[in-house]
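In case you want the letters, here they are:
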Amino acid sequence: MPGAFTSAKEVQDAAKVAWAEGKHLLLVFGAPWCPNCAPFKRELADTIGREFQVVCAEVDLEDGATEELVKEHAVTRLPTLVILNGEEALCKLVAPPMAEVRTAARSICTPNLALDEDF
């Protein structure tokens, strides 16, 4: 994951770069003190990050400079995942199980294709 974002401009810029590469930005709101955040981020990178054309990034609520992003995305519980294209947030999932994330990714994101001898 890239470094943690603190401003809407950083998120917008990253979403535009990801979109230009044909990917969606998966923005995870979390905090070091949240017992569910670290496992969620690991599983997100290990599963969704490998299955779909996405860029995973985070907003660390421990950083006081993230208030603008928390308000903009109405974050009330951790972890919260927001899926963005180059222009807007398409989906927000609050403390979701990975199956729910996968369902959202299937409906929004482009899958990675593994071309092997069985394809």
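Overview of the structure. Since the structure is predicted, the reported quantities are computational estimates derived from the model, not experimental observations.

**Describing the nonpolar core**
Phase 1: Judged by nonpolar contacts, the single largest core of 19 residues is most densely connected at Phe5, Val11, Leu25, Leu27, Phe29, Leu78 and Leu84.
Phase 2: For this core, the secondary-structure elements that each account for two or more residues are helix H1 (8-20), strand S1 (24-30), strand S2 (54-60), helix H3 (67-72) and strand S3 (80-84).
Phase 3: The element best represented in this core is H1, accounting for 4 residues.
Phase 4: Discounting residues that sit within four places of it in the chain, Leu78 has contacts with Phe29, Gly30, Ala31, Trp33, Cys34, Cys37, Leu61 and Ala95.
Phase 5: By size, the runner-up hydrophobic cluster in this structure holds 17 residues, among which are Phe40, Val54, Cys56 and Cys91.

**Digging into the sheet that holds strand S4 (residues 89-94)**
One key point about sheets: their strands pair by backbone hydrogen bonds, in either a parallel or an antiparallel sense.
Phase 1: Read from one edge of the open sheet, 4 strands run S2-S1-S3-S4, paired in mixed fashion. This sheet does not close on itself; its edge strands, each paired only once, are S2 and S4. The average undirected angle you get between the axes of adjacent strands in this sheet is 20 degrees.
Phase 2: Lying on the sheet, helix H2 (residues 37-51) is in contact with S1, S2 and S3; it crosses S1 at an angle near 165 degrees.
Phase 3: Each of S1, S3 and S4 touches helix H4 (residues 98-108); the most contacted strand, S4, lies at about 170 degrees to it.

**Considerations on the side chain of His24**
Phase 1: Along the chain, His24 turns up in strand S1.
Phase 2: Here His24 falls in the buried class, since its relative accessible area comes to 6%.
Phase 3: Excluding residues within four positions of it along the chain, His24 makes contact with Ala18, Trp19, Gln53, Val54, Val55, Ile83, Leu84, Asn85, Leu90, Ile108 and Cys109.

**Some details on the environment of Val28**
Phase 1: Its location among the elements puts Val28 in strand S1.
Phase 2: When the C-alpha positions of Val28 and Asp63 are compared, they lie 14 Å apart, and in sequence the two are 35 residues distant.
Phase 3: Residues within four places of Val28 in sequence aside, it is in contact with Phe40, Lys41, Leu44, Ala57, Glu58, Val59, Pro79, Thr80 and Leu81.

**Details of the pattern of salt bridges**
Phase 1: This structure, assessed with the given rule, holds 4 salt bridges.
Phase 2: One salt bridge in this structure joins Asp13 and Lys9, with 2.9 Å as the shortest N-O distance. Of this pair, Asp13 and Lys9 both sit in helix H1, 4 residues apart, roughly one helical turn.
Phase 3: A salt bridge links Glu58 to Lys41; the nearest nitrogen and oxygen atoms lie 2.8 Å apart. With a gap of 17 residues between them, Glu58 in strand S2 and Lys41 in helix H2 connect regions that are remote in the sequence. Comparing Glu58 with Lys41 shows no difference in burial state: the two are buried.

Here is what the cut-offs are and how they apply
- Residues numbered from 1 in each chain as written.
- Predicted model: local features only at pLDDT ≥ 70, side-chain atom pairs only at ≥ 80, totals over all residues.
- Heavy atoms only, no water.
- Core = buried A, V, L, I, M, F, W, Y, C linked by side-chain atoms within 4.5 Å.
- Buried < 20%, exposed > 50% of the residue type's maximum accessible area, 1.4 Å probe, protein only.
- Helix = DSSP H or I, 4+ residues; strand = E, 2+ residues; numbered from the N terminus.
- Contact = heavy atoms within 4.5 Å.
- Pairing = 2+ DSSP bridges.
- Axes fitted to C-alpha atoms, helices over the stretch in contact; angles between N-to-C directions.
- Salt bridge = Lys/Arg side-chain N within 4 Å of Asp/Glu carboxyl O.

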